[in-house]
Amino acid sequence: MSSHLVDECAAPPKNCFRLVVLGTARVGKTAIVSRFLFNQYDDQYTPTIEDFHRKMYRIRGEVYRLDILDTSGVHPFPAMRRLSFLTGDLFILVYSVDNYESYMEVMRLREQILESKASCKTRTAAPPMIIAGNKADRPESEREVLYDEVAKWVSTVKKCAFLETSAKKNGNINELFQTLFELAKLPPEMSPSLHRRVSIGDQAWEAAKKGISFYPRGKQDDNPLGVVSPHARRPSLRSDLIEAEAKAEQEQRRAEKPSIPKISSALSPYRSQYRSCTWMSLLRQAFQGLVRPAGGQVCRLQVQHRCYNAPAAGHVQVDMNSDTGVATVRLNRPPVNSLNLDVLTELSIALEKLETDRSCRAMVLASAVPGIFSAGLDIMEMYKSTPERCVAFWRALQDAWLNLYGSRLITMAAIEGHSPAGGCLLAMSCDYRVMADGKFQIGLNETRLGIVAPFWFTDVMLCTIGHRETEKALQLGAMYSAQQALSIGLVDKVVPADQVMSTVQTELKSWLQIPDAARVITKTSMRKQVLDRLSSQKEKDAQFFADFILRESVQKSLGAYIASLQKRKS
Ligand SMILES: CC/C=C\CCC/C=C/C(=O)SCCNC(=O)CCNC(=O)[C@H](O)C(C)(C)COP(=O)(O)OP(=O)(O)OC[C@H]1O[C@@H](n2cnc3c(N)ncnc32)[C@H](O)[C@@H]1OP(=O)(O)O
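Residues numbered from 1 in each chain as written. Predicted model: local features only at pLDDT ≥ 70, side-chain atom pairs only at ≥ 80, totals over all residues. Heavy atoms only, no water.

The protein goes by Enoyl-CoA delta isomerase 1, mitochondrial in an unreviewed UniProt entry, where it is assigned to Branchiostoma belcheri. In UniProt, the protein has this text filed under Function (unreviewed entry): "Key enzyme of fatty acid beta-oxidation. Able to isomerize both 3-cis (3Z) and 3-trans (3E) double bonds into the 2-trans (2E) form in a range of enoyl-CoA species, with a preference for (3Z)-enoyl-CoAs over (3E)-enoyl-CoAs. The catalytic efficiency of this enzyme is not affected by the fatty acyl chain length." Recorded in UniProt under Pathway (unreviewed entry), the annotation for the protein is "Lipid metabolism; fatty acid beta-oxidation." (UniProt positions renumbered as here; feature names shortened; annotations may be inferred.)

Right, dumping it as structure tokens:
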């Protein structure tokens, strides 16, 4: 029987839910999911990158769908993690009772989920969550997290419950899900003990799939049923869009806010640029091939080796040449490739995917928009925004930059157009820069906008052109022609515009001759200090950005700068 048929038994959008399981590595997230789905426990530890499961239910005549995202406990994939926050309807946050740090991470995760949800103006309510203190079977002498401490904390937070569990001994696993489903107002029968587990060939399930009647003729079987899809894969982008749209419409109706613009136009990034709906385009990115089915019940993340091209609406196009091991990443957000939350998230994901692709050795960062590399950060993300949105935006920038600057790949910037501010940062963060000769300019011009280049922008420039030039460049907000940039070492080569790409390819040949391991160790040791400086204070930096950018005086400067851009145009 073809396994995809399980999906033909479609659940209406209102009955589709995504459960996200989060927590640090080795706390037992996968073990909990495995107990829930298959009542199995595997003593072997295999780190998870991201697993996707689907369980379908037939309960009181209705079909329900539960998608489960079992996330990575380590954080080399921050964009994927943030997307899991945004797309989750309900959450299990897991810590291990013998590891206090893992409990601290649970508290941080809860905050981050709430902040992510708050940054999406269409979804502000706290999602249902349950905290699982796993490995409760461990001897008391190994315990680092006291039950009472967690219970006390959880009693102060909204829509949150807490249980200690043991995936190994099957302790409280059923109760964990039951409590969560109760909190989320989902049918209690979704809990393992309250439905009959069936397989796809089951007669009752087959009947349901055909849509005629769930009950085999002549037999009254009203037991709730649950079936795990053996080859579950993330839904297509299109079906997710449709589903999320339907769900949001429903939420909106429930909230009875008729003054809000029609949700269908507001939600679709294909049809509207409505700002409050960025979460929808983040959702879209979440399904651009992040996870591919790998057979069996578990879908380990696999990386496509040939082409990562995003759909037409994607802001970041990736072409992977498997023969050469060189990927070309093109920014594609006309008119000027300004970097908003969506672009930065897409860029992060693209970089994360390439990073994990063993066949990829080098990456060329370029633009799909003629005459522009990138106009830097989208000024509209910084103007008249909210603190939550500012923090989310800044985190996305931090992640994209950490991925690029810290990449193991050979990275080359093909600068075929203007490259101010954030555009210059991206270019400087590559290992080598080739710029088109002519009218185009590059530089960190922040002071001209009445803003200050953050310390990590400054660090990168210092590493590129040295202290004296950086001091001048930053104070003046200097924009350099290609030739000037070459003379101060801001770019490595200047060629006619139509030769930028071929020059990059030629240069790459010599870089590719160097053994990767030696080159990567060298690169990492050179960049570590700068990377660590931001990594160690990401949250503080994000908060500082939000506070600074929303100051009245800074907003006034930004407003004047936007007006000057418009005036210059007219
Ligand atoms: C504690 C730390 C605090 C703060 C740190 C913040 C760090 C900030 C980093 C940044 O990156 S800030 C962004 C700086 N970028 C700029 O100053 C670039 C401004 N743009 C230009 O100079 C030009 O647009 C150009 C890039 C040279 C391209 O010129 P061109 O003539 O080709 O296009 P035009 O000017 O007509 O622009 C088309 C269109 O795009 C809008 N635009 C341009 N840049 C941006 C931008 N960065 N963000 C948002 N929108 C931008 C421009 O207004 C036009 O819009 P319109 O068609 O609606 O008029």
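What follows picks up the thread again.
Student: Would you mind going over the pairing of strand β14 (residues 417–420) with me for this structure?
Tutor: A regular strand places its side chains on the two faces of the sheet in alternate fashion. Across 2 bridges, strand β12 (residues 371–372) lies against β14 in parallel orientation. Note on β14: the bridge partner recorded for I372 is H418. Relative to strand β16 (residues 441–443), β14 runs parallel, the two being bridged by 2 bridges. The residue of β16 that forms the bridge with S419 is I442. (Pairing = 2+ DSSP bridges. Helix = DSSP H or I, 4+ residues; strand = E, 2+ residues; numbered from the N terminus.)

Student: I keep staring at the pairing of strand β6 (residues 160–164) and nothing clicks. Help me out?
Tutor: Summarising burial for β6: 5 of the 5 residues are buried, a large majority. Sheet analysis places strand β5 (residues 129–134) next to β6, joined by 5 bridges and oriented parallel. Note that in β6 the partner of I130 across the bridge is A161. Following the backbone out of β5, through helix α4 (residues 147–154) and into the adjacent parallel β6, one traces a crossover that is right-handed. (Buried < 20%, exposed > 50% of the residue type's maximum accessible area, 1.4 Å probe, protein only. Right-handed = clockwise from strand over helix to strand, strands pointing away.)

Student: I would appreciate a short explanation of helix α17 (residues 500–512) in the present structure.
Tutor: Structurally, the α-helix is built with 3.6 residues per turn, so residues lying three or four positions apart point the same way. Helix length check: α17 (13 residues) gives 18 Å between terminal C-alpha atoms against 18 Å at 1.5 Å per residue, within 8%. Those residues of α17 lying buried are V500, M501, T503, V504, E507, L508 and L512. Each buried residue of α17 lies within a common arc of 165° when the element is viewed along its axis, so the set occupies one face. In α17, the exposed residues that point more than 90 degrees away from the buried face are T506 and K509. In this structure, the buried side of α17 is in contact with β10 (326–331), β11 (362–367), β13 (410–415), β15 (432–436) and β18 (493–495). (Expected span 1.5 Å × (residues − 1). Arc of directions from axis to C-beta. Contact = heavy atoms within 4.5 Å.)

Student: What should I look at first to understand the site of the ligand in this one?
Tutor: In the vicinity of the ligand there are 30 residues, among which A375, L377, G422, Y561 and K569 approach most closely. At 2.9 Å from an oxygen atom of the ligand is found a main-chain nitrogen or oxygen belonging to G422. Y561 is positioned with one of its side-chain polar atoms (N or O) 2.5 Å from an oxygen atom of the ligand. Notes on the ligand: free accessible area 1,100 Å², of which the protein chains cover 79%. With respect to the pocket detection grid, the ligand is positioned in the largest pocket. Of all elements in the fold, only α11 (379–382), β14, α19 (538–549) and α20 (552–569) reach the threshold of two or more residues within the shell around the ligand. (Near = heavy atom within 4 Å. Polar contact = N/O pair within 3.5 Å; in protein donor to acceptor, adjacent residues only side chain to side chain. Areas by Shrake-Rupley, 256 points an atom, 1.4 Å probe, with all protein chains shown as cover. 1 Å grid on protein atoms, 1.4 Å probe; cavity = no way out; pocket = protein on both sides within 12 Å on 5 of 7 lines; lining within 4 Å. Sits in = over half its atoms within 2 Å of the grid points.)

Student: What's the story with the pattern of salt bridges in this structure? I'm lost.
Tutor: Where charged atoms of side chains with opposite charge meet at close range, the side chains can pair. Tallied over the full model, the rule gives 26 salt bridges. For R18, the salt bridge goes to D67, with nearest N and O atoms at 3.7 Å. Of this pair, R18 sits in strand β1 (residues 16–22) while D67 is found in strand β3 (residues 62–71), placing the two residues 49 residues apart along the sequence. A residue is classified by how much of its surface remains accessible, and R18, at 5% relative accessible area, is buried. D378 is the partner of R333 in a salt bridge, and the nearest nitrogen-oxygen pair spans 2.9 Å. On the criterion of sequence distance, the pair formed by R333 in the loop between β10 and α10 (341–356) and D378 in the loop between β12 and α11 is long-range, its members being 45 residues apart. What makes R333 buried here is its relative accessible area of 16%. For D378, a relative accessible area of 10% corresponds to the buried category. Through salt bridges with shared partners, a single network forms among R18, R54, R65 and D67. (Salt bridge = Lys/Arg side-chain N within 4 Å of Asp/Glu carboxyl O.)

Student: Looking at this model, I keep getting lost on the layout of surface pockets. Mind explaining?
Tutor: Where empty space is left can be seen by rolling a probe of water-molecule size over the atoms. Quantified by volume, the largest pocket comes out at close to 1,400 Å³. Looking at the largest pocket, it is lined by 45 residues, and the ones nearest its centre are A375, L377, I379, Y561 and L565. Put simply, the parts of the chain that give the lining of the largest pocket at least two residues each are α11, β14, α14 (455–465), α19 and α20. For the lining of the largest pocket, the element with the highest residue contribution is α20, accounting for 7 residues. (Points joined across faces, edges and corners; volume = space filled by probe spheres on them.)

Student: It is not clear to me how the packing of helix α1 (residues 29–38) against helix α5 (residues 173–183) should be interpreted in this structure. Could you clarify?
Tutor: Between two packed helices, both the angle of their axes relative to each other and the distance between the axes serve to describe the pair. Across the interface, α1 lies against α5 with an axial gap of 10 Å and an inter-helix angle of 85°. It follows that α1 is roughly perpendicular to α5 by the angle criterion. Listed contacts from α5 to I32, R35 and F36 of α1 are I173, L176, F177 and F181. (Axes fitted to C-alpha atoms, helices over the stretch in contact; angles between N-to-C directions. Parallel < 35°, antiparallel > 145°, perpendicular 65-115°, else oblique.)

Student: Is there a simple way to think about the sheet that holds strand β9 (residues 316–321) in this case?
Tutor: Strand order in the open sheet formed by 6 strands is β9-β10-β11-β13-β15-β18, with mixed pairing between adjacent strands. On the outer flanks of this sheet lie β9 and β18, each paired with one strand and no other. Neighbour-to-neighbour, the strand axes of the sheet open up by a mean angle of 20°, direction not taken into account. Pairing between β11 and β13: 4 bridges, direction parallel. Looking at β13, one finds that M363 is bridged to T411.

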